[in-house]
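Secondary and tertiary structure notes
This is what each chain is made of:
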Amino acid sequence: MNQNQNRSSLFRKKPIATGDNESNMLKRVLGPFDLMTLGVGAIIGTGIFVLTGVAAAKYAGPGLVLSFLLAGIICAFAALCYSEFASSVPASGSAYTYSYTAFGEVIAWILGWDLILEYGFASAAVASGWSGYFQTLLSGFGLQLPHALTSAFSPEKGTYFDITAAIITLIITFLLTRGVKEAARANGIMVAIKIIVVLIFIGVGVFYVQPDNWQPFLPFGISGVTAGAATVFFAYIGFDAVSTAAEEVKRPQRDLPIGIIASLAICTVLYIVVSLILTGIVPYHMLNVSDPVAFAFEFVQLKGLSWIVSLGAITGITTVLLVMMYGQTRLLYSMSRDGLLSPVFSKVSGKSQTPATGTWVAGIIVALFSGFISLGHLAELTNIGTLFAFAVVSLGIIVLRKNNPELKRGFRVPFVPLIPILSAVGCMYLMTRLAALTWITFFGWLIIGLIIYFAYGRHHSHLNPARRISDTFKKTKGK
């Protein structure tokens, strides 16, 4: 094979016209409300209940509201791009599938491998955060787990495995194998609970706001606001997981854009209001705690409501874990179905019509990560992986418009190429605000992924002519 053929095989594209619809084995049961609750379920959780305090104390002060606004605007641009792709290429896989049709196989693999990082590590990180809140709740009842099983592997601290993080991961895995409608129903109930808790905080907290706490509004300057935006970007991770549900949506061209944009809009408004009230109740320098929303009620002597907030936080973080793991399994399903990963991830259970085996494999791996690796290490790479995916998807809209102008689109991004360029530039700027070690580890992850692609995925890809000939021969021989 000559150099030109090698290059063309790396950038072979998945046909858009046929998509994946003809091979879809998943059950179409989700509507726009289900998608909206999936999005809200994924977004509201760690952002409101954990990151608000850290970002205010370390980076932005009361200007945290501007950090959320900046991150929300960048995410809104990216969400518009995701919506057009979701309505044009309504197939599982999110950014992976979109880049497969716009840029070609090797870029799709890089995006898919990047999203495995995002969903997998984010799931493990969220499970670790859930464990911390749950153990705090247990201590309120005078219960205590053995110290060795309370946190990740750290012999110097006397901890070896976070048992509750692993257990909640396996419970969520079991729920996902029961069927997507059942999982969506459970998610909807938990989303309603945490929205009520957030509204309680807003409704009660507004009466305890002290405007003097907003002075100075920008104690760390504009650079603090941008650093805060890069930090709280983790709070917005999740709306892209809505697009992974494409093949289980009744009317994907119409419902996916509604689910993506509506969930992001709801969460952005709630984030801004909560951060404004939070920094108005508690001086920003006192908010560097793991449970800032509950702490705010304790600060004004409302301990009963503090317990309710803690319970709501546990519920909220559970929904984030559910949607993150859902997105992970559907991503693995798509990559496996295309031949780039082992067939085990695309084997669909006849009873539940879910990729049950692959879900258990992914769930067990995430459970081990959440049990053995600390929350800080798990969360380090999530932001850079997401920002990278958002930037590539945004640029993909420009490529798709140029190469496939006749493609039917249920939703169109306005002001192309301005909006996609603003989205990509915004994401890349926030990436520059992340630590050098994060960049080094991220590139290391991508290099490992490329080794796997050239060793396995490239040869087993369903777009590989040799693979097609082999499959045709096997079918003919079988007859």
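Higher on the page you've got the structure.
Procedures and definitions
- Residues numbered from 1 in each chain as written.
- Predicted model: local features only at pLDDT ≥ 70, side-chain atom pairs only at ≥ 80, totals over all residues.
- Heavy atoms only, no water.
- Helix = DSSP H or I, 4+ residues; strand = E, 2+ residues; numbered from the N terminus.
- Buried < 20%, exposed > 50% of the residue type's maximum accessible area, 1.4 Å probe, protein only.
- Contact = heavy atoms within 4.5 Å.
- Areas by Shrake-Rupley, 256 points an atom, 1.4 Å probe, with all protein chains shown as cover.
- Phe/Tyr/Trp six-rings, centres within 6.5 Å; stacked < 30°, edge-to-face > 60°.
- Axes fitted to C-alpha atoms, helices over the stretch in contact; angles between N-to-C directions.
- Parallel < 35°, antiparallel > 145°, perpendicular 65-115°, else oblique.
- Left-handed = near helix turned anticlockwise from the far one by under 90°.

Take the overall build of the chain next. A tally of helices and strands in the chain yields 18 helices and 0 strands. By the burial criterion, 59% of the 479 residues in the chain qualify as buried. Sequence separation of 24 or more characterises 82% of the internal contacts of the chain that already satisfy a separation of 6 or more. Carbon and sulfur atoms provide 69% of the accessible area of the chain, an area that totals close to 19,100 Å².

Enumeration over the complete set of coordinates arrives at 22 aromatic pairs. Look at Trp113 and Trp445: their rings are 4.6 Å apart centre to centre, the planes differ by 15°, and that puts the pair in the stacked class. With a gap of 332 residues between them, Trp113 in helix 6 (residues 105–140) and Trp445 in helix 17 (residues 436–460) connect regions that are remote in the sequence. In this structure, Trp113 and Trp445 share a single accessibility class: buried. Centroid distance Tyr453 to Phe454: 5.2 Å. Interplanar angle 75°. Geometry classified as edge-to-face. Owing to a relative accessible area of 37%, Phe454 belongs among the partly exposed residues under this scheme. The rings of Trp109, Trp113, Phe121, Phe369, Trp445, Tyr453 and Phe454 are connected pair by pair, giving a single aromatic cluster.

Now for the packing of helix 7 (residues 163–177) against helix 13 (residues 356–372). Helix 13 packs onto helix 7 with a crossing angle of 165° between their chain directions and a minimal axis gap of 8 Å. As summarised for this structure, helix 7 and helix 13 are arranged roughly antiparallel, according to the angle between their axes. Relative to helix 13, helix 7 is oriented so that their crossing is right-handed. For the pair helix 7 and helix 13, contact is made by Ala165, Ala166, Thr169, Leu170, Thr173, Phe174, Leu176 and Thr177 and by Ala356, Thr359, Trp360, Gly363, Ile364, Val366, Ala367 and Ser370, respectively.

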